[in-house]
Amino acid sequence: MESTLKGIRGCGAPGVLDVDDAATVGGGVGDTYGEDCATEDQLVTPWTVSVAIGYNLMRDPRYNKGLAFTERERETHYLRGLLPPAIVSQELQERKIMNNIRQYQVPLQRYMAMMDLQENNERLFYKLLIDNVEELLPVVYTPTVGEACQKYGSIFSRPQGLFISLKEKGKILEVLKNWPERSIQVIVVTDGERILGLGDLGCQGMGIPVGKLALYTALGGVRPSACLPITLDVGTNNKDLLNDEFYIGLRQRRATGQEYTDFLQEFMTAVKQNYGEKVLIQFEDFANHNAFELLARYGTTHLVFNDDIQGTASVVLAGLIAAQKLLGGTLAEHTFLFLGAGEAGTGIAELIALEISRQTKAPIEECRKKIWLVDSKGLIVSSRKESLQHFKKPWAHEHETIGNLLDAVNAIKPTVLIGTSGKGQTFTQDVIEAISSFNERPIILALSNPTSQSECTAEQAYTWSKGRAVFATGSPFDPVEYDGKIYVPGQANNAYIFPGFGLGVVMSGAIRVHDDMLLAASEALAQQVSEENFEKGLIYPPFSNIRKISAHIAANVAAKAYELGLASRRPRPKDLVKYAESCMYSPVYRNYR
């Protein structure tokens, strides 16, 4: 985070607030043809290069309505004979497609059906996703997207974003200009080296940016035409992929060192040159050794956000803030133990420390002492400091060496146990029984994705804690019945945070991301948890209200950007929640002239 990143950059390096006003011009974005600014009952013309008609109109996913074209539209746009005579409403189309999707027994088939719909009828795709978010979120994103990435070469049919490989070195700006949209507001980019908990999937990691940006639109309301998924193909060290005849990426080992650094520098420079200062660049699923460095290097020169470090941290902090309303007390009264000390674990730990520091006014160095991390070599302690990676060093506290999680639980006696290890079944029965033995209501967060990599299941957590755990996971789990009571596990899904966060950044015209904006997002999410949710043991609100939640998060983030002087869109709207709602993309069909 900002405090940690200053240490990475060096004490004399500038922070995100130390920006030159002269460098913040350009990058303005807009709804070029007005189709989303108009009210839904206004007529619009489906412009492309020229007025779209007939056969071409039906094959443009942004404007295609299938059988919902009216009699007048069929006459005006030369659609007669190209469609059956029936006129079907969008609502009936939605029911039909959902019925078809529910027939598939294999999750990957559901994923492919949704991707086909996105490529054929964009508004219907988002209508389905918004109206059935709790059912379809696991289909278009985790856990199913993990399998989709593993098999991406086999199921690939049509590019949904930009693939920029080492072959394009020296020509990246030209490649960006090949993308047909010019008013880009959000880019999600990956190099595929650490896809979920599945490892190096190379070029096939494209499923992640595509899925993330679908959620930016469905959950956060950012227009799909303003979103750009990008995969940077620098090779892969996955031998199975290199030997797979269906692999779609470069068949070479990963570029490293100066070659990698220069390639990323060219990319970041080209993005700012082509899209301006105010395009949000979200780094996604980069390996630890690159993720922190990229965030530190570009955090003061670009509008950048790392969902694995910052988004995960923000959503977990929101759950912990909400848990205090459920249990009473403050964050400062807790002791935290993490299994996993990568970008997610250290990112969460740093944001917790920042929030405790903000609440107590204590130095952040003191607040970090309440937080302990276990990595593959055991508890991170001061005697290991010289051999630790730079992002782990702030968490090396004075303590004897401990080699495993169970011994660390018994020694540290945490009140909160958080898993970001990427390894399934690591919260064993002994571990959960141990933390439950000295906590009336232990907080247990098993955050690793996909479901197979979760540190424990919901059933295990509730059973082994005798129903006392306040529990949440990274992937969805079904409700659990224990001792005659139904327990509903919460899902600490980043999708709660990044769509609303992105909308807040875009609608305020923010030029940099600051830690306080992440804290503002966490607080807004925690405020959306109702008493009814608490009664079920939930520390997150239901996803069925996600657009309302995203609007409040966007408003909080935008308010903080204005407060910090990082917002460039003036004047500031009086009611930021209403303004956020007014900015949201609507998937309802438009009537064409």
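Just so you know, the residues in each chain are numbered from 1, in the order the chain's sequence is written. Residues qualify for local features only when their pLDDT is at least 70, as the model is predicted, and side-chain atom pairs are given and counted only at 80 or more; totals for whole chains, interfaces and linings, by contrast, use all residues. Note that the side-chain values use all heavy atoms of the structure and ignore hydrogens as well as water.

Q: An account of the overall build of the protein is requested, with residue identities and associated values reported.
A: Counting from the N terminus, the helices are DSSP H or I runs at least four residues long and the strands are E runs at least two residues long. Within the protein, the regular secondary structure consists of 25 helices and 16 strands. We take the radius of gyration over the C-alpha atoms and set the globule estimate at 2.2 Å times the residue count to the 0.38 power. Its C-alpha atoms give the protein a radius of gyration of 24 Å, within 12% of the compact-globule value 25 Å for 593 residues. Taken over the C-alpha atoms alone, the protein extends approximately 80 × 60 × 60 Å along its principal axes. Taken across its 593 residues, the protein has 59% of its residues classed as buried. To be clear on the numbers: accessible area is Shrake-Rupley with a 1.4 Å probe, and residue cover counts the displayed protein chains and nothing else. Put simply, the protein shows about 23,400 Å² of open surface, and 49% of that area lies on carbon and sulfur atoms. Computing the positive centroid from 60 side-chain charges and the negative centroid from 69, the protein places the two 3 Å apart. Note on exposure labels: buried denotes an accessible area under 20% of the residue type's maximum, exposed denotes more than 50%, and partly exposed covers the range between, all computed with a 1.4 Å probe on protein chains only. By the counting rule applied here, Lys and Arg register as positive and Asp and Glu as negative, while His and the ends of each chain are not counted. Charged side chains are reduced to one point each, which is NZ for Lys, CZ for Arg, CG for Asp and CD for Glu.

Q: Tell me about the sheet that holds strand 5 (residues 280-283), residues and numbers included.
A: Whether two strands pair depends on DSSP finding at least two bridges between them. Spatial ordering of the open sheet is given by 2-4-3-5-6, a layout of 5 strands whose pairing is parallel. This sheet does not close on itself; its edge strands, each paired only once, are strand 2 (162-165) and strand 6 (304-306). Neighbour-to-neighbour, the strand axes of this sheet turn through a mean angle of 25 degrees, independent of strand direction. In this structure, strand 5 lies alongside strand 6, joined through 3 bridges in parallel fashion. Paired with Ile281 across the bridge in strand 6 is Val304. Between two residues, a contact is recorded if the distance between any of their heavy atoms is within 4.5 Å. Every axis in this analysis is a line fitted to C-alpha atoms, fitted for helices over the stretch in contact. Angles between the N-to-C directions lie between 0 and 180 degrees. In the packing of helix 13 (residues 257-275) onto the sheet, the strands contacted are strand 2, strand 3 (186-190), strand 4 (227-233), strand 5 and strand 6, and the crossing angle to strand 4 comes to about 160 degrees.

Q: Describe the pattern of salt bridges, and please don't skip the residues or the numbers.
A: Any Lys or Arg side-chain nitrogen found within 4 Å of a carboxyl oxygen on Asp or Glu counts as a salt bridge. All chains considered together, the criterion is met by 25 salt bridges. Of the charged contacts, one joins Lys151 and Glu147 as a salt bridge, the two residues approaching to 2.8 Å between their closest N and O atoms. Between Glu366 and Lys369 there is a salt bridge, with its nearest N and O atoms 3.2 Å apart. Judged by its relative accessible area of 44%, Glu366 is partly exposed. Each of Arg194, Asp285, Asp308 and Glu343 takes part in a single network of salt bridges with overlapping partners.

Q: I'd like a description of the nonpolar core, backed by residues and values.
A: Ranked by internal contacts, the top residues of the largest apolar core, which has 122 residues, are Tyr216, Ile352 and Phe501. Ile352 has contacts with Leu317, Leu320, Phe336, Phe338, Ile371 and Ile418, leaving out every residue within four places of it along the chain. Here, nonpolar core refers to any group of buried Ala, Val, Leu, Ile, Met, Phe, Trp, Tyr and Cys residues whose side-chain atoms link them within 4.5 Å. Membership of the second largest hydrophobic core comes to 36 residues, among which are Leu166, Phe267, Met268 and Val271.

Q: How would you summarise helix 7 (residues 133-140) if you had to cite specific residues and measurements?
A: Within helix 7, 6 of the 8 residues are buried, which leaves the element mostly enclosed by the surrounding structure. The inward-facing, buried residues of helix 7 abut helix 4 (90-103), helix 5 (107-120), helix 6 (122-131), helix 8 (144-150), helix 11 (207-220) and helix 24 (546-564).

Q: Kindly report on the environment of Thr428, identifying the contributing residues and their values.
A: On the secondary structure map, Thr428 appears in the loop between strand 10 (416-419) and helix 19 (429-437). For Thr428, a relative accessible area of 34% puts it in the partly exposed group.

Q: Just give me the short version of the packing of helix 4 against helix 5, but keep the residues and values in it.
A: The contact between helix 4 and helix 5 brings their axes to 9 Å, and the two run at 150 degrees. The orientation of helix 4 with respect to helix 5, classified from their angle, is roughly antiparallel. When the axes of helix 4 and helix 5 are compared, the crossing they make is right-handed. Across the interface between the two elements, Ile97, Ile101 and Arg102 from helix 4 touch Arg110, Ala113, Met114 and Leu117 from helix 5. Each angle gets one of four labels, with under 35 degrees taken as roughly parallel, over 145 as roughly antiparallel, 65 to 115 as roughly perpendicular, and the rest as oblique. Left-handed describes a crossing whose near helix is turned anticlockwise from the far helix by less than a right angle; the clockwise case is right-handed.

Q: I'd love a proper account of the sheet that holds strand 15 (residues 490-491), names of residues and values included.
A: Read from one edge of the open sheet, 7 strands run 9-8-7-10-11-12-15, paired in mixed fashion. Edge positions in the sheet fall to strand 9 (378-379) and strand 15, since each has one partner strand and no second. Sheet analysis places strand 10 next to strand 11 (residues 443-446), joined by 4 bridges and oriented parallel. Across the sheet, residue Val416 finds its bridge partner in strand 11, namely Ile443. Strand contacts of helix 15 (residues 307-327): strand 7 (336-339), strand 10, strand 11 and strand 12 (470-473), with the helix running at about 155 degrees to strand 11, the strand carrying the most contacts.

Q: Residue-level account of the confidence of the model for the protein, with values.
A: Across the chain, each position has a pLDDT score giving the predictor's confidence in that residue, from 0 to 100. Summing up the model confidence of the protein, the mean pLDDT is 91 and the portion of residues at 70 or higher is 91%. Across residues 20-30, where pLDDT falls below 50, the model places 18 contacts with residues more than four positions away in sequence or in other chains.

Q: Can you explain the side chain of Thr473? Please cite residues and give values.
A: Inspection of the secondary structure assignment puts Thr473 in strand 12. The class of Thr473 is buried, set by a relative accessible area of 1%. Beyond its immediate sequence surroundings of up to four residues, Thr473 is in contact with Ala446, Leu447, Ser454, Gly490, Gln491 and Ala492.

Q: Mind laying out unusual backbone geometry, listing which residues take part and the relevant values?
A: Most peptide bonds adopt trans geometry, and most residues besides glycine take a negative phi value. Going from Thr142 to Pro143, the amide bond is cis rather than trans, its omega being 10 degrees. As for its position among the elements, Pro143 is in the loop between helix 7 and helix 8. In the segment running from Arg570 into Pro571, the intervening peptide bond is cis, with an omega of -5 degrees. Along the chain, Pro571 turns up in the loop between helix 24 and helix 25 (576-583). Phi at Asp483 takes a positive value of approximately 50 degrees, unusual for a residue other than glycine. The residue Asp483 is located in the loop between strand 13 (480-482) and strand 14 (485-487) in this model.

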